[in-house]
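One-letter residues, chain by chain:
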Amino acid sequence: MTTKPNNLLTTKPSPLTTMVVFLILCILGFYAFHFPHTPPHSNNTSTFQNLFLSSSSNSTISSYLRTLTMHPHLAGTKPNSDTANFVLNHFISLNLKTHTTSYNVLLSYPLHSSLSMHFNDGSSSNLGLTEPGSSGSDMVHAYHAYSPSGSVYAKAVFVNYGRDRDYRAVGVSIKGCIVIVRKGGGLGRNTVVEKAEENGAVAVLVYNDENDTWRNGFERGHVMKGVGDPLSPGWGSVEGSEKLSLDDNEVLKRFPKIPSMPLSAHVADAVLSSLGVTPLPLEWRTTLRAKGINHVGPGPTMLNFTYLGEKKMATIQNVFAVIKGSEEPDRHVLLGNHRDAWTYGAVDPSSGTAALLDIARRYSILLHSGWKPRRTIVLCSWDAEEFGMIGSTEWVEQNLINLGSKAVAYLNVDCAVQGPGFFVGSTPQLDSLILEITKKVKDPDSKGVSVYASWAAANGGNNIQRLGRVDSDFAPFVQHAGVPSIDIYYGKDFPVYHTAFDSYNWMAEYADPFFQRHVAVTGIWGLLALRLADDSILPFNYLSYANELRLYRDKLSNMLDHKMSLHPLTTSIQEFACAAKEVDDELKVK
């Protein structure tokens, strides 16, 4: 999982445009997706669901994770290809029907980087740009994928989170300077670099100061706009397909024009403590003075920063296992997780990959016990998510027509376990199903209660988020193909995100020592798919969708300050709500 721009397109729509499009697509999507009224399924579904839950094994998931995290496995490298083969062979060993799809796409890798501080007395200090103990290994050096190469010698200026109001508050010109930015403030990595460029900076250095224990970690990531292969925007990058050239304007506008680099909080401390000239703005002082930051610059410290990288074509590979449906084989329930990682990737994404492998194992047990899903189930292992959800986006673009007519739902797990606390996002018609399923799975942290009960107690209610973000593989399914989707995870904002410390040992010591949270995620994920694959009538509740549409209609009306009539939209939502109620009433009778 990676911090990404908040849109699938290469240009950012206005909030008003986004909301209008969202409402229209929701209404049209309801009428386009029918409710199949079919005879009851012959399988004893509850028996198989209970068997699925009773087949859980935290030690098995732990062993999968240990194997997956033996080596860093960056997309486009041999270790990642080996990981793909491990997943493929696991599916094959379970006698599941498997296949792969490969794409030749544009990725980005570092060749050389350096950073040094130069002081007024003529002395200088070289700063390390990778985690202690990782040099000489096959760990990729800290970098921002798709950053342009560059070498600059300039004064440093601290601009807090790099938001528009931060540039106004800093009170000095940053033109020709290298800006230091701390992670946060609601901005994606690409947006941080873009705003620095707009304000005249010549380079950007970004650090994460959100945890004091892991201050030596460098948060890798990409700085490309949009998602998918930049050389095939809008279509799958299959063999023989058209590709744009690297100097095409449509390609060039996807990338920043100034170089950037992640810093560790430890390295950032050295730079920031040397700044003088301008005192911190008053509104920043509460949090930053406690961290030893008193001035924003510019200088007097000079920074000599060099980054040399290369963009090159690489082959990525998605891996699939298919369990064919017995009665509706052309209707597909998809479970997906990405496989590539910046480093060892124990949390991101191998905790989710381990869960996917265990779901495959448990489904195999069901198959040997006589289970035959009504609809087809597809287990999807995506590649190159960290470079902008490339593997999933290319596959969605290649299969867009089929997805629109055949996909029942897409169920995503990225970082399955980051720490305590259950989180879920979905499109609204799946809300009721989520609540039902979480009542059936034991809470991993509280004895004798369900995930549902602990979740409700922690949040003052069961808070289901919406999938408007673009930070994992559900995005192309929701925002490009219009497929009902769910995203599930335990914990959030873990401190070793995208660093060399995201290892099996960190997971076993901090995030999930007994791997019970992994078991909970796997149970919820697998049960959701079983219901969607086996129920004779799809367990969609569009009353939730109608309520959500009313909520967004009200927000839109407030944004417009009631200056524009929303009567046509209101009428459409009312018709939608009536249709949803009719379906709900009919289901209660059955």
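Source: prediction; values computed, not measured.

Conventions used here
Going along each chain's sequence as written, the residues are numbered from 1 onward. Where local features are concerned, this predicted model is filtered to residues with pLDDT of at least 70; where side-chain atom pairs are given and counted, the filter is 80 or more; whole-chain, interface and lining totals use all residues. Here the side-chain values reflect all heavy atoms present in the structure, with hydrogen atoms and water set aside. Helix and strand definitions here come from DSSP, where helices need a minimum of 4 consecutive H or I residues and strands a minimum of 2 consecutive E residues; each element is numbered from the N-terminal end. Atoms counted for the radius of gyration: C-alpha only. Globule rule: 2.2 Å times residue count to the power 0.38. With a 1.4 Å probe rolled over the protein chains alone, any residue whose accessible area is under 20% of its type maximum counts as buried; one over 50% counts as exposed, and the rest are partly exposed. Here a residue-residue contact requires only that any non-hydrogen atoms of the pair lie within 4.5 Å. Methods summary: accessible areas were calculated by the Shrake-Rupley approach with a probe of 1.4 Å, and residue burial reflects only the protein chains presented. Positive charges are assigned to Lys and Arg, negative charges to Asp and Glu, while His and the chain termini are left out of the count. Every charge is mapped to an atom, namely NZ of Lys, CZ of Arg, CG of Asp or CD of Glu. Stacked, tilted and edge-to-face pairs are distinguished by plane angle, under 30 degrees for stacked and over 60 for edge-to-face with tilted covering the rest, among Phe, Tyr and Trp rings (Trp via its six-membered ring) whose centres lie within 6.5 Å. pLDDT is a per-residue confidence score from the predictor, ranging from 0 to 100. UniProt positions are given in the numbering used here, feature names are shortened, and annotations may be inferred rather than shown by experiment. Axes, fitted as lines to C-alpha atoms, cover a helix only where it is in contact. Angles between the N-to-C directions of the axes lie from 0 to 180 degrees. Relative orientations are named as follows: roughly parallel for angles under 35 degrees, roughly antiparallel for angles over 145 degrees, roughly perpendicular for angles from 65 to 115 degrees, and oblique for any other angle. Two helices crossing with the near one rotated counterclockwise from the far one by less than a right angle form a left-handed crossing, whereas a clockwise rotation gives a right-handed crossing. Classes in brief: Ala, Val, Leu, Ile, Met, Phe, Trp, Tyr, Cys and Pro nonpolar; Asp, Glu, Lys and Arg charged; the others, Gly included, polar. Basic side-chain nitrogens of Lys or Arg form a salt bridge, by our definition, when they fall within 4 Å of a carboxyl oxygen of Asp or Glu. Here the arc refers to the directions that run from the helix axis out to each C-beta atom. Note that domain bounds follow an automatic or database assignment of domains. Any pair of N or O atoms that falls within 3.5 Å is considered a polar contact. Within protein, one atom must be able to donate a hydrogen and the other to accept it, and sequence-neighbouring residues count only if both atoms are side-chain atoms.

Asks: For this particular structure, what's the right way to read the overall build of the protein?
Replies: Assigned secondary structure in the protein consists of 19 helices and 16 strands. Radius of gyration (C-alpha) of the protein: 25 Å, near the 25 Å computed for a compact globule of 590 residues. Once the C-alpha set of the protein is aligned to its principal axes, its extents read approximately 85 × 60 × 55 Å. Of all 590 residues assigned to the protein, the portion counted as buried reaches 58%. The long-range fraction of contacts in the protein, counting pairs at least 24 apart against all pairs at least 6 apart in sequence, stands at 82%. For the protein, the computed accessible surface area is about 23,500 Å², with 53% contributed by carbon and sulfur atoms. Placing the 51 positive and 55 negative side-chain charges of the protein at their respective mean positions leaves the two points 3 Å apart.

Asks: It is not clear to me how the packing of aromatic side chains should be interpreted in this structure. Could you clarify?
Replies: Inspection of every chain in the model, using the stated rule, returns 28 aromatic pairs. Residues tyrosine 143 and tryptophan 342 carry aromatic rings whose centres are separated by 5.7 Å and whose planes lie at 85 degrees to one another, so their mutual orientation is edge-to-face. Residue tyrosine 143 is found in the loop between strand E2 (124–127) and strand E3 (144–145), and its partner tryptophan 342 is found in the loop between strand E12 (328–338) and helix H10 (346–368); the two are separated by 199 residues along the sequence. Here tyrosine 143 and tryptophan 342 have matching classes, each one buried. When the ring of tyrosine 410 is compared with that of phenylalanine 477, the centres are 3.9 Å apart and the planes differ by 5 degrees; the resulting orientation is stacked. On the criterion of sequence distance, the pair formed by tyrosine 410 in strand E14 (residues 407–417) and phenylalanine 477 in helix H15 (residues 474–480) is long-range, its members being 67 residues apart. Take phenylalanine 477: its relative accessible area is 0%, and that puts it in the buried class.

Asks: It is not clear to me how the confidence of the model for the protein should be interpreted in this structure. Could you clarify?
Replies: Close inspection of predicted coordinates is inappropriate in any region flagged by low pLDDT. Chain-level statistics for the protein give a pLDDT mean of 91 and a share of 92% at 70 or above. In the predicted structure, residues 4–13 sits below a pLDDT of 50 and forms 30 contacts with residues beyond four places in sequence or in another chain. Low pLDDT (under 50) marks residues 30–43, which in the prediction has 44 contacts with non-local residues, meaning those over four places away or in another chain.

Asks: Where do I start with the UniProt feature "domain: PA" (unreviewed entry) in the protein in this structure?
Replies: The residues that UniProt annotates with the feature "domain: PA" (unreviewed entry) are residues 158–216. End C-alpha to end C-alpha, residues 158–216 measures 19 Å, and it is 29% helix and 19% strand.

Asks: What is the right way to look at the packing of helix H3 (residues 58–68) against H10 in this model?
Replies: For any two helices packed against each other, the geometry comes down to the angle between their axes and how far apart the axes lie. Two elements in contact, H3 and H10, have axes separated by 9 Å at closest approach and are oriented at 130 degrees. Accordingly, the angle class assigned to the pair H3 and H10 is oblique. For the element pair H3 and H10, the recorded crossing hand is right-handed. Here Thr60, Ile61, Tyr64, Leu65 and Leu68 of H3 come into contact with H10, specifically with Ala346, Ser350, Ser351, Thr353, Ala354, Leu357, Asp358 and Arg361. The class makeup of the residues in the contact of H3 with H10 is seven nonpolar, four polar and two charged.

Asks: Just to check I follow, could you spell out the pattern of salt bridges for this structure?
Replies: Where side chains of opposite charge bring their charged atoms close, a pairing between them can arise. Taken as a whole, this structure holds 31 salt bridges when the rule is applied. For the salt bridge of lysine 253 with glutamate 250, the shortest nitrogen-to-oxygen distance reads 3.2 Å. We classify glutamate 250 as partly exposed; its relative accessible area is 41%. In the salt-bridge network here, residues are joined through shared partners; they are Glu327, Glu328, Arg331, Arg374 and Arg375.

Asks: For this particular structure, what's the right way to read the environment of serine 369?
Replies: By secondary structure assignment, the location of serine 369 is in the loop between H10 and strand E13 (375–382). By relative accessible area, which is 43% here, serine 369 ends up partly exposed. Between the alpha carbons of serine 369 and phenylalanine 48 there is a distance of 8.5 Å; along the sequence they are 321 residues apart. Dropping the residues within four chain positions of it, serine 369 is found in contact with Phe48 and Leu51.

Asks: What is the right way to read helix H16 (residues 504–511) from this model?
Replies: The periodicity of an α-helix, 3.6 residues per turn, causes residues three or four places apart in sequence to face the same way. Residues of H16 that are buried include every one of Tyr504, Trp506, Met507 and Ala511, and no others. Looking down the long axis of H16, one finds its buried residues gathered within 160 degrees of arc, a one-sided arrangement. Of the exposed residues in H16, those oriented more than 90 degrees away from the buried face are Asn505 and Glu509. Tucked inside the fold, the buried residues of H16 contact H3, H10, E14 and helix H17 (516–534).

Asks: Can you help me understand unusual backbone geometry in this one?
Replies: Most peptide bonds take the trans configuration, and most residues that are not glycine carry a negative phi. With an omega dihedral of 0 degrees, the bond running from glycine 297 to proline 298 counts as a cis peptide bond. Checked against the element boundaries, proline 298 lands in the loop between strand E10 (295–297) and strand E11 (302–323). In this structure, proline 300 follows glycine 299 across a cis peptide bond, with omega equal to 5 degrees. Here proline 300 shows up in the loop between E10 and E11. Here asparagine 95, not a glycine, exhibits a phi torsion of approximately 65 degrees, which is positive. Among the structural elements, asparagine 95 can be located in the loop between helix H4 (78–93) and strand E1 (97–118). By relative accessible area, asparagine 95 is classed as exposed at 65%. Although it is not a glycine, valine 277 sits at a positive phi angle of roughly 70 degrees. The topology assignment puts valine 277 in the loop between helix H8 (265–272) and strand E9 (278–279). Looking at valine 277, the relative accessible area reads 59%, which means it is exposed.

Asks: Even after reading the chapter, I still don't get the environment of aspartate 269, so can you show me in this structure?
Replies: Tracing the backbone shows aspartate 269 in helix H8. Separated by 24 residues in the primary sequence, aspartate 269 and isoleucine 293 place their C-alpha atoms 8.1 Å from one another.

Asks: Could you clarify how one ought to interpret the packing of helix H2 (residues 45–54) against H17 in this entry?
Replies: Running from N to C, H2 and H17 cross one another at 160 degrees; their axes reach a closest spacing of 10 Å. Relative to H17, the element H2 is oriented roughly antiparallel. The element H2 and its partner H17 pack so that their crossing is right-handed. Along its contact with H2, which presents Thr45, Gln49, Phe52 and Leu53, the element H17 presents Thr522, Gly523, Gly526, Leu527, Leu530, Arg531 and Asp534. Broken down by class, the residue content of the contact of H2 with H17 amounts to four nonpolar, five polar and two charged.

Asks: Can you help me understand the side chain of histidine 90 in this one?
Replies: Within the secondary structure layout, histidine 90 lies in helix H4. Filtering out sequence-adjacent residues up to four positions away, histidine 90 remains in contact with Tyr64, Leu357, Ala360 and Arg361.

Asks: Help me out: how do you make sense of the domain arrangement of the protein in this one?
Replies: Accessible area lost when the parts come together is the quantity often used to give the size of an interface. Domain annotation for the protein reports domain 1 (51–104 + 313–534), domain 2 (107–130 + 139–309) and domain 3 (542–588). Inter-centroid distance (C-alpha atoms) of domain 1 to domain 2 is 32 Å. With 33 residues of domain 1 at the interface, the matching set in domain 2 holds 32 residues. Between the two partners, domain 1 and domain 2, sit zero salt bridges. Where domain 1 touches domain 2, the interface holds 10 residue pairs in polar contact (both at pLDDT 80 or more). For the side of domain 1 that touches domain 2, the element with the highest residue contribution is helix H11 (residues 390–398), accounting for five residues. Grouping the amino acids of the side of domain 1 that touches domain 2 by side-chain chemistry returns 21 nonpolar, nine polar and three charged.

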